[in-house]
Amino acid sequence: MANAYINLYKGNPTAGLVDGTLVSTDGANTAPFTFTIDASKGESEVQKAALRCEPGYLTTGNTTISAYDIDTTDDSDHTNYWGFAADNNYADANAANAAATFTPTLTIEDSIEVVNKVFWIKASSTTGEPPQNDRTVGLEVKTIVTAAVVEENYSS
Ligand SMILES: [Ca+2]
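The notes below deal with the structure included here.

Criteria and cut-off values
- Residues numbered from 1 in each chain as written.
- Predicted model: local features only at pLDDT ≥ 70, side-chain atom pairs only at ≥ 80, totals over all residues.
- Helix = DSSP H or I, 4+ residues; strand = E, 2+ residues; numbered from the N terminus.
- Buried ≥ 20, exposed ≤ 12 C-beta atoms within 10 Å, placed from the backbone.
- Contact = placed C-beta atoms within 7 Å.
- Pairing = 2+ DSSP bridges.
- Axes fitted to C-alpha atoms, helices over the stretch in contact; angles between N-to-C directions.

What follows concerns the overall build of the chain. If you tally the helices and strands in the chain, you get one helix and 10 strands. Listing every helix and strand of the chain by position from the N terminus yields β-β-β-β-β-β-α-β-β-β-β. Here the C-alpha coordinates of the chain stretch approximately 75 × 35 × 25 Å along the principal axes. Within the span of the chain, comprising 156 residues, buried residues form 24% of the whole. When contacts within the chain are restricted to residue pairs at least 6 apart in sequence, long-range pairs at least 24 apart make up 72% of them.

Written out as structure tokens, the structure is:
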């Protein structure tokens, strides 16, 4: 289910276009990001993601992206396995993995409009971690969305 104002996309979205697969925002995880990594090798994986606003909206001010612990009542918190990086026209995930700086919180200062604003997500594992289907971490996007001002010119 789409958010009314701004949405997150996966599936190799293209900067400046409106492609990609909508990541569910309804909490039902119908189309979440999926990273498959081998913890016994301490692997990590990078995927391309994008944010874009619905037609008629844009962000004003900073947008921050970070991981959050879905269940704070248990003992585990795997948010430190996640990192985010700004795009620099990286050719692919390998290039982003090699060159980008991944941080726990990414701040995008540019206004996000109705086309894809690309960023990169990195999931890591630690060696010795048991095999598991880890669904304990969610993505949090904080921003302010406003209605785009439509300028109408009337000529007589
Ligand atoms: Ca937890």
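What follows is about the sheet that holds strand E2 (residues 21-22). The strands that make up a sheet are held in pairs by hydrogen bonds between backbone atoms, and each pair lies either parallel or antiparallel. The strand order E2-E1-E3-E8-E6 describes an open sheet built from five strands, whose pairing is antiparallel. Of all the strands in the sheet, just E2 and strand E6 (82-86) have a single pairing partner and so form its edges. Taken together, the five bridges between E6 and strand E8 (residues 117-124) define a ladder with antiparallel strand orientation. Each bridged residue has a counterpart across the sheet, and for Phe84 the counterpart in E8 is Ile121.

As summarised here, the arrangement of the three strands in space is E7-E5-E9, forming an open sheet in which the pairing is antiparallel. Looking at strand neighbours, the two that pair on one side only are strand E7 (105-108) and strand E9 (137-142), the edges of this open sheet. Neighbouring strand axes in the sheet, compared pairwise and without regard to direction, differ in orientation by 20° on average.

Phi is positive for Asn12, close to 60°, though the residue is something other than glycine. Its place among the elements puts Asn12 in the loop between strand E1 (6-10) and E2. With a phi close to 55°, Asn89 is a non-glycine residue in the positive phi region.

By themselves these figures say nothing about function.
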